[in-house]
Amino acid sequence: MRGGAADSLPPGFDTSQQLLIVNDFPHGFDDRAVNQLRYLADEGPAFGVHLMMVAERDESSGYGPLLDPLWRSLLRLTPVSDDHLADPWVGHAWTYEPSLVPPGSQVLQQVLARVAAARTKY
C-alpha cells in the first residue's frame with residue numbers, strides 16, 4: 001500500500017475502514033506489543049485502520065518516555081463529564097457532552113445485547 005502497489009496485495013485483502021479497540025491498556029502488553037501499537041497508531045489511519053484506546057495514562061508509566069509520542073497524538077476523552085477534551089493538534093480545550101440516546105430508541109439495548117452475546121461467545 002505504502003509503495004503504491006495495492007494491486008499486488010493478496011486476493012481477498014480487506015481494504016475497508018477498520019476500528020481497533022484496545023481495552024484496558026497497558027495490561028497484557030509487553031514492549032514488543034507496545035511498539036507495534038505505536039506503529040499502528042502512526043501508520044494505520046493511512047490504510048483505513050483507526051485506533052481507539054481505553055487506557056489510563058498513569059498506569060503505563062512503567063514504559064517511561066516510550067509512549068509519550070503516542071499519548072501526544074491521541075485525542076483524549078475523559079470519563080468525567082465536567083472535564084475537557086484535550087486536542088493535541090491545536091491545543092484547544094473542548095467541553096465534552098456525550099450524546100444521549102433518543103427517547104424510545106432501541107439502539108442502546110441492541111448494542112448491549114451484541115456486546116453481551118460476543119462476550120459469552122468467547
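Owing to the predicted nature of the structure, the values given are computational and were not obtained by experimental measurement. Note that residues are indexed from 1 along each chain, following the sequence as it is written. This being a predicted model, a pLDDT of at least 70 is required before a residue's local features are given, and a value of 80 or more before pairs of side-chain atoms are given or counted; all residues contribute to the totals for chains, interfaces and linings. Think of the side-chain values as coming from all heavy atoms in the structure, minus any hydrogens and water.

Undergrad: Tell me about helix α1 (residues 31-43), residues and numbers included.
TA: For the α-helix, the turn length of 3.6 residues means that residues three or four positions removed from each other point alike. Per the convention used, a helix needs a DSSP run of H or I reaching at least four residues, while a strand needs a run of E reaching at least two, with both numbered from the N terminus. To estimate the expected span of a helix, subtract one from its residue number and multiply by 1.5 Å. Under the 1.5 Å per step criterion, the end-to-end length of α1 is 18 Å for 13 residues, consistent within 8% with the ideal 18 Å. Of the positions making up α1, those classed as buried are Val34, Leu37 and Ala41. Down the axis, α1 shows its buried residues gathered within 60 degrees of arc, on one side only. Facing away from the buried side of α1 by more than 90 degrees, the exposed set consists of Arg32 and Asp42. In this description, contact between two residues means that some pair of their heavy atoms is separated by no more than 4.5 Å. Structurally, α1 contributes buried residues whose contacts are with β1 (18-25), β2 (49-55) and α2 (68-73). Each residue is assigned to one of three classes by its accessible area relative to the maximum for its type, calculated with a 1.4 Å probe on protein chains only: buried under 20%, partly exposed between the two thresholds, exposed over 50%. Picture the helix axis, draw a direction to every C-beta atom, and the arc is the one those directions span.

Undergrad: Account for the pairing of β1, naming residues and giving values.
TA: Remember that side chains alternate between the two faces of the sheet whenever the strand is regular. Two strands are said to pair when DSSP picks up at least two bridges between them. Examined bridge by bridge, β1 and β2 share six bridges and lie parallel to one another. Counted as the bridge partner of Ile21 is Met52 from β2. Classification remark: right-handed applies to a crossover when, strands pointing away from the viewer, the course from the first strand over the helix to the second runs clockwise. As for the winding sense of the linkage, the β-α-β connection from β1 through α1 to β2 is right-handed.

Undergrad: Describe the environment of Leu20, listing the residues and the values that go with them.
TA: Along the chain, the position of Leu20 falls in strand β1. A C-alpha to C-alpha distance of 8.3 Å links Leu20 and Met53, two positions 33 residues apart in sequence. Look past the residues within four positions of Leu20 in its chain and what remains in contact with it is Leu40, His50, Leu51 and Met52.

Undergrad: For the packing of aromatic side chains, give the residues involved together with the corresponding values.
TA: Only Phe, Tyr and Trp rings are paired, with Trp represented by its six-membered ring, and only when their centres lie within 6.5 Å; those with planes under 30 degrees apart are stacked, over 60 edge-to-face, the remainder tilted. In total, this model carries one aromatic pair according to the counting rule given. Taking 4.9 Å as the distance between ring centres and 65 degrees as the angle between the ring planes, the aromatic pair formed by Phe25 and Phe29 counts as edge-to-face. Here Phe29 falls in the partly exposed class, since its relative accessible area comes to 23%.

Undergrad: Break down a nonpolar patch on the surface for me, citing the residues and quoting the values.
TA: Each patch is built from salt-bridge-free residues with over 30% relative accessible area, joining like charges within 9 Å and nonpolar side chains (Val, Leu, Ile, Met, Phe, Trp, Tyr) within 5 Å. Accessible surface area values rest on a Shrake-Rupley calculation with a 1.4 Å probe, where residue burial reflects the displayed protein chains alone. A carboxyl oxygen of Asp or Glu within 4 Å of a side-chain nitrogen of Lys or Arg is what we treat as a salt bridge. Residues Val101, Val107, Leu108, Val111, Leu112 and Val115 make up a contiguous nonpolar surface patch of roughly 490 Å² in combined accessible area. Within the fold, Val115 resides in helix α3 (residues 107-121). Owing to a relative accessible area of 43%, Val115 belongs among the partly exposed residues under this scheme.

Undergrad: Which residues make up the environment of Glu59, and what are the values?
TA: When you line up the elements, Glu59 lands in the loop between β2 and α2. Here the alpha-carbon distance between Glu59 and Pro26, two residues 33 residues apart in the chain, equals 7.1 Å. The contacts of Glu59, once residues within four sequence positions are left out, are Pro26 and His27. The term polar contact refers here to a pair of N or O atoms within 3.5 Å; inside protein, the definition further demands a hydrogen-donor-capable atom paired with an acceptor-capable atom, and it admits residues adjacent in sequence only when both atoms are side-chain atoms. Within the structure, the side chain of Glu59 is placed 3.0 Å from the side chain of His27, a separation counted as a polar contact.

Undergrad: Provide a residue-level description of a negative patch on the surface, including the pertinent values.
TA: Under this rule, positive means Lys or Arg and negative means Asp or Glu; His and the chain ends count for nothing. A single reference atom marks each charge: NZ on Lys, CZ on Arg, CG on Asp, CD on Glu. The grouping of Asp24, Glu56, Asp58 and Glu59 at the surface amounts to a negative patch. Tracing the sequence through the fold places Asp58 in the loop between β2 and α2. Under the relative-accessibility criterion, Asp58 is labelled exposed at 61%.

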